[in-house]
Amino acid sequence: MTDQIRVLVVDDHPVVRQGLRTFLDLQDDITVVGESADGKACVADAETLAPDVILLDLRMPGADGVAALHGLRERGNPARVLVITSFTEPTAVLPAVRAGASGYVYKDIDPPALAAAIRSVHAGHVLLHPDVARLLVAGDARPADLTPRERDVLVEVAHGRSNREIARELSVSEKTVKTHVSAILAKLGVQDRTQAALHAVRTGLADG
């Protein structure tokens, strides 16, 4: 039996939350562990429910999705966040991605595609529209003093591979990959894999 992916659904509309729960509960490898109606509740619920993936709406009364992302980061919550939004403009989702979201999908997404997106971010992949990626890397990126092995790992991160996949590709242990990733983040001065991957895109490493 595949390990269950624990999902927290965050949306201020009860009908939307119920619809998402109804579909996701039909998936053999996904279980909805809770629902939150705003960003503040999301941060608190994520701490008690320990979800693997948070399905997060952006616009909610009170604390919105971006506020929730900042709260999760401040508390060091390891959950991957998949934004589900009705906004189609890249600039509308840019603050969420900068705040640490692993990707985003639109609310009109086909249910099977949503389940696939949840599995993808859970596996460590980043789901970004090319337009959003271009906006994120529009600024200058400074070079970093990475070792050859760290550069190899960064290339794999930029290609969207998880730690397990990188370990298999480079014939090292998953623990070693985690150590390299931590060093890469520190040297680049970034806070997550998404930002590291975008650095690799900006500097041309991702083409290696």
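Being a predicted model, the structure only gives us computed values, none of them experimental.

## Remarks on the packing of helix 7 (residues 148–158) against helix 9 (residues 174–188)
Each packed pair of helices is defined by two parameters, the angle between the axes and the distance between the axes.
Item 1. At a closest axis distance of 9 Å, the pairing of helix 7 and helix 9 adopts a crossing angle of 90°. When the axis of helix 7 is compared with that of helix 9, the two are roughly perpendicular. Together, Arg 149, Glu 150, Val 153, Leu 154 and Val 157 of helix 7 and Val 177, His 180, Val 181, Ala 183, Ile 184, Lys 187 and Leu 188 of helix 9 make up the contact between the two elements.
Item 2. Here the contact of helix 7 with helix 9 is composed, by residue class, of 8 nonpolar, 1 polar and 3 charged.

## Some thoughts on the pairing of strand 4 (residues 80–85)
Regular strands have side chains that alternate between both faces of the sheet.
Item 1. Burial analysis of strand 4 places 6 of its 6 residues in the buried class, which makes it a mostly covered element.
Item 2. On strand 4, burial covers both faces: Arg 80, Leu 82 and Ile 84 on one face and Val 81, Val 83 and Thr 85 on the other are all buried.
Item 3. Both strand 3 (residues 53–56) and strand 4 contribute to a ladder of 4 bridges, which runs parallel. Considered in strand 4, the bridge of Ile 54 is made with Val 81.
Item 4. In this fold, the crossover linking strand 3 to strand 4 by way of helix 3 (residues 65–74) has right-handed handedness.

## Here's the deal with the sheet that holds strand 1 (residues 5–10)
Item 1. An order of 2-1-3-4-5 is seen for the 5 strands of this open sheet, with the pairing classed as parallel. Since the sheet does not close on itself, it has two edges, and those belong to strand 2 (30–36) and strand 5 (103–106), each with one partner. This sheet shows a mean twist of 25° between the axes of neighbouring strands, independent of strand direction.
Item 2. Sheet topology places strand 4 next to strand 5; 4 bridges connect them, and they run parallel. Residue Val 83 lies in a different strand from strand 5, and its bridge partner there is Tyr 104.

## Looking at helix 7
The periodicity of an α-helix, 3.6 residues per turn, causes residues three or four positions apart to be oriented the same way.
Item 1. Turning to helix 7, its buried residues number three or more, namely Glu 150, Val 153, Leu 154, Val 155, Glu 156 and Val 157.
Item 2. Just beyond helix 7, the residue with positive phi is Gly 160, at close to 85°.

## As for the packing of helix 7 against helix 8 (residues 163–170)
Item 1. Axis separation between helix 7 and helix 8 bottoms out at 10 Å; the angle between their running directions is 130°. With respect to each other, helix 7 and helix 8 are oriented oblique. Once helix 7 is placed against helix 8, the crossing between them reads as right-handed. Counting all contacts with helix 7, which are made through Arg 149, Asp 152, Val 153, Glu 156 and Val 157, the residues of helix 8 involved are Ile 166, Glu 169 and Leu 170.

## Regarding the pattern of salt bridges
Working definition: two side chains of opposite charge can pair if their charged atoms are close together.
Item 1. Taken as a whole and judged by the stated rule, the model has 11 salt bridges.
Item 2. Across the pair Asp 11 and Lys 107 runs a salt bridge whose closest N-O atoms are separated by 3.1 Å. Here the residue Asp 11 occupies a position in the loop between strand 1 and helix 1 (14–24), and Lys 107 occupies one in the loop between strand 5 and helix 5 (111–122), the gap between them amounting to 96 residues.
Item 3. Overall, the relative accessible area of 33% leaves Lys 107 in the partly exposed class.
Item 4. Among the charged side chains, a network of salt bridges with common partners joins Arg 17, Arg 21, Asp 25 and Glu 35.

## Here we look at the layout of surface pockets
Item 1. As a volume, the largest pocket reaches approximately 1,200 Å³.
Item 2. Mapped onto the lining of the largest pocket, the elements with two or more residues apiece are helix 3, strand 4, helix 5, helix 8, helix 9 and helix 10 (193–203).
Item 3. The greatest single-element share of the lining of the largest pocket, amounting to 5 residues, is contributed by helix 9.
Item 4. For the lining of the largest pocket, the per-class residue count stands at 13 nonpolar, 13 polar and 12 charged.

## Digging into the side chain of Ser 36
Item 1. Relative to the elements of secondary structure, Ser 36 occurs in strand 2.
Item 2. You can call Ser 36 buried: its relative accessible area is 0%.
Item 3. Among the polar contacts listed, one links the side chain of Ser 36 to the side chain of Asp 45, at a separation of 2.6 Å.
Item 4. The contacts of Ser 36, once residues within four sequence positions are left out, are Leu 8, Val 9, Val 10, Asp 11, Arg 17, Ala 41, Cys 42 and Asp 45.

About the cut-offs
- Residues numbered from 1 in each chain as written.
- Predicted model: local features only at pLDDT ≥ 70, side-chain atom pairs only at ≥ 80, totals over all residues.
- Heavy atoms only, no water.
- Axes fitted to C-alpha atoms, helices over the stretch in contact; angles between N-to-C directions.
- Helix = DSSP H or I, 4+ residues; strand = E, 2+ residues; numbered from the N terminus.
- Parallel < 35°, antiparallel > 145°, perpendicular 65-115°, else oblique.
- Contact = heavy atoms within 4.5 Å.
- Nonpolar A, V, L, I, M, F, W, Y, C, P; charged D, E, K, R; others polar.
- Buried < 20%, exposed > 50% of the residue type's maximum accessible area, 1.4 Å probe, protein only.
- Pairing = 2+ DSSP bridges.
- Right-handed = clockwise from strand over helix to strand, strands pointing away.
- Left-handed = near helix turned anticlockwise from the far one by under 90°.
- Salt bridge = Lys/Arg side-chain N within 4 Å of Asp/Glu carboxyl O.
- 1 Å grid on protein atoms, 1.4 Å probe; cavity = no way out; pocket = protein on both sides within 12 Å on 5 of 7 lines; lining within 4 Å.
- Points joined across faces, edges and corners; volume = space filled by probe spheres on them.
- Polar contact = N/O pair within 3.5 Å; in protein donor to acceptor, adjacent residues only side chain to side chain.

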